[in-house]
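For reference, the chains in residue letters:
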Amino acid sequence: MRVRPVPDSYVINVGDIIQVWSNDRYESAEHRVSVNSQKERFSMPYFFNPGSDAMVEPLEEMVSDERPARYDADNWGNFFSTRKNSNFR
């Protein structure tokens with residue numbers, strides 16, 4: 001889906017860990033870029049991953065009786081390698 005940014009704003013693609021921490025309130029995006037030959041574009045990638053031995057699960061504030069946890073606690077290294085090596089979309 002094409003994103004039409006608001007002028008003078010930022011477009012931020014969140015990754016897998018934000019999806020887990022937010023209990024699916026923020027969805028990880030598959031990031032693809034189209035070149036626009038008419039207008040300059042500036043990208044600044046920043047990648048954040050916890051240590052491979054860190055346990056990752058939805059944050060307590062994102063879980064309730066109405067919105068139960070959608071993810072079990074998992075080792076980040078296991079989660080990341082499984083996600084990276086799959087055909088998940």
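Residues numbered from 1 in each chain as written. Predicted model: local features only at pLDDT ≥ 70, side-chain atom pairs only at ≥ 80, totals over all residues. Heavy atoms only, no water.

1. Some words on the overall build of the chain
Right, so step 1: A tally of helices and strands in the chain yields two helices and two strands.
Right, so step 2: The N-to-C order of helical and strand elements in the chain reads α-β-β-α.
Right, so step 3: Radius of gyration (C-alpha) of the chain: 16 Å, far over the 12 Å computed for a compact globule of 89 residues.
Right, so step 4: Summarising its shape, the C-alpha atoms of the chain cover approximately 45 × 30 × 20 Å along the three principal directions. (Helix = DSSP H or I, 4+ residues; strand = E, 2+ residues; numbered from the N terminus. Rg over C-alpha atoms; globule rule 2.2 N^0.38 Å.)

2. Focus: unusual backbone geometry
Right, so step 1: Even without a glycine there, the phi angle at Asp8 is positive, about 60°.
Right, so step 2: Note that Asp8 resides in the segment before α1 (16-21).
Right, so step 3: Non-glycine residue Asn23 carries a positive phi angle of around 55°.
Right, so step 4: Checked against the element boundaries, Asn23 lands in the loop between α1 and β1 (55-56).
Right, so step 5: Look at Asn23 and you get buried, because its relative accessible area is 0%. (Buried < 20%, exposed > 50% of the residue type's maximum accessible area, 1.4 Å probe, protein only.)

3. Side note on the environment of Tyr71
Right, so step 1: Residue position: Tyr71 is located in the loop between β1 and β2 (74-75).
Right, so step 2: Along the backbone, Tyr71 and Gln19 are 52 residues apart, and their C-alpha atoms lie at a distance of 9.7 Å.
Right, so step 3: The contacts of Tyr71, once residues within four sequence positions are left out, are Gln19, Val20, Asn23, Asp24 and Pro58.
Right, so step 4: There is a polar contact of 2.9 Å between the side chain of Tyr71 and the side chain of Gln19.
Right, so step 5: A polar atom in the side chain of Tyr71 sits 2.6 Å from the side chain of Asp24. (Contact = heavy atoms within 4.5 Å. Polar contact = N/O pair within 3.5 Å; in protein donor to acceptor, adjacent residues only side chain to side chain.)

4. Quick look at the environment of Asp72
Right, so step 1: Checked against the element boundaries, Asp72 lands in the loop between β1 and β2.
Right, so step 2: C-alpha of Asp72 to C-alpha of Glu57: the two residues are 15 residues apart in sequence and 6.1 Å apart in space.

5. Some words on the pattern of salt bridges
Right, so step 1: The final tally for this structure, using the stated rule, is one salt bridge.
Right, so step 2: Measuring nitrogen to oxygen at the nearest pair gives 2.7 Å for the salt bridge that ties Asp24 to Arg70. On the criterion of sequence distance, the pair formed by Asp24 in the loop between α1 and β1 and Arg70 in the loop between β1 and β2 is long-range, its members being 46 residues apart.
Right, so step 3: A residue is classified by how much of its surface remains accessible, and Asp24, at 22% relative accessible area, is partly exposed. (Salt bridge = Lys/Arg side-chain N within 4 Å of Asp/Glu carboxyl O.)

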